[in-house]
Amino acid sequence: MDNFEVIIREAIPEDAAEILAFTNIVNQETDFIVVDELGIELTEELLAINLESIYESENNILLVAEVNGMIVGNASVKASSEAPIRHVGEVGMSIFKDFWGMGLGTILLEEIIAWSEETEVIYRLELTVQERNKRAIHLYQKLGFKEEASLERGARSNDGEFLTVLLMSKMIN
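Keep in mind that this is a model prediction, so the values were computed, not measured.

Draft legend 1. Spatial organisation of the overall build of the protein chain. Looking only at helices and strands, the protein chain has 4 helices and 7 strands in total. Going from the N terminus to the C terminus, the protein chain shows its helices and strands as β-α-α-β-β-β-α-β-α-β-β. By residue count, 43% of the 173 residues in the protein chain fall in the buried class. For the protein chain, the proportion of contacts with a sequence separation of at least 24, taken over those separated by at least 6, is 64%. The distance from the centre of the 13 positive side-chain charges to the centre of the 32 negative ones in the protein chain is 10 Å.

Next comes the structure, spelled out in structure tokens:
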């Protein structure tokens, strides 16, 4: 991150249009994304309402990474409002391909973990990652995530190939 300044902040409703544009680009750049956690088919207005709800939630967060005022990455924790499972946060993360390998994923994930530790609501983070996404798996392991399961045919590539997906988790506090 030597040549540019990165700002990590919570997403706000006014970010809706840029988040939609970011998500569209990321989905075209990679087929490592297992599930689109932001719902690419949302309108800007519905996403703005969703962002407001996330911002006000005690067990959900959406962080954006900005470089020169442009969103280049995001990371989220999505948790249920249902009492028995509201402590379980599903992690999602996307970064523009031009910013892969620069430490941005580490920064975003460290922020997600720190936020989770501060919430006193989230006690388990979990995520799914394609087994072939070795860089992401290395990052998750580096920050304390452990593999819990291997899901054969857990996803399909753009060309229809079945992919193995790993379920990984990290206990908080």
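Draft legend 2. Expanded view of the sheet that holds strand β1 (residues 6-10). Taken together, 7 strands build an open sheet; the order of strands is β1-β2-β3-β4-β5-β7-β6 and the sheet is mixed. Looking at strand neighbours, the two that pair on one side only are β1 and β6 (146-156), the edges of this open sheet. Between one strand axis and the next, the sheet turns through 25° on average, direction left out of account. Of the pairings in the sheet, the one linking β1 to strand β2 (residues 61-67) comprises 5 bridges and is antiparallel in character.

Draft legend 3. Quick look at the packing of aromatic side chains. Taken as a whole, this structure holds 4 aromatic pairs when the rule is applied. Of note, Arg 153 hangs over the ring of Phe 162, and the distance from its end group to the ring centre comes to 4.4 Å. Here the guanidinium or amino end of Arg 156 rests over the ring plane of Phe 162, the centre of that ring lying 4.2 Å away.

So, how was this worked out
Residues numbered from 1 in each chain as written. Predicted model: local features only at pLDDT ≥ 70, side-chain atom pairs only at ≥ 80, totals over all residues. Heavy atoms only, no water. Helix = DSSP H or I, 4+ residues; strand = E, 2+ residues; numbered from the N terminus. Buried < 20%, exposed > 50% of the residue type's maximum accessible area, 1.4 Å probe, protein only. Contact = heavy atoms within 4.5 Å. Lys, Arg positive; Asp, Glu negative; His and termini not counted. Charge placed at Lys NZ, Arg CZ, Asp CG, Glu CD. Pairing = 2+ DSSP bridges. Axes fitted to C-alpha atoms, helices over the stretch in contact; angles between N-to-C directions. Phe/Tyr/Trp six-rings, centres within 6.5 Å; stacked < 30°, edge-to-face > 60°. Lys NZ or Arg CZ within 6 Å of the ring centre and 35° of its normal.

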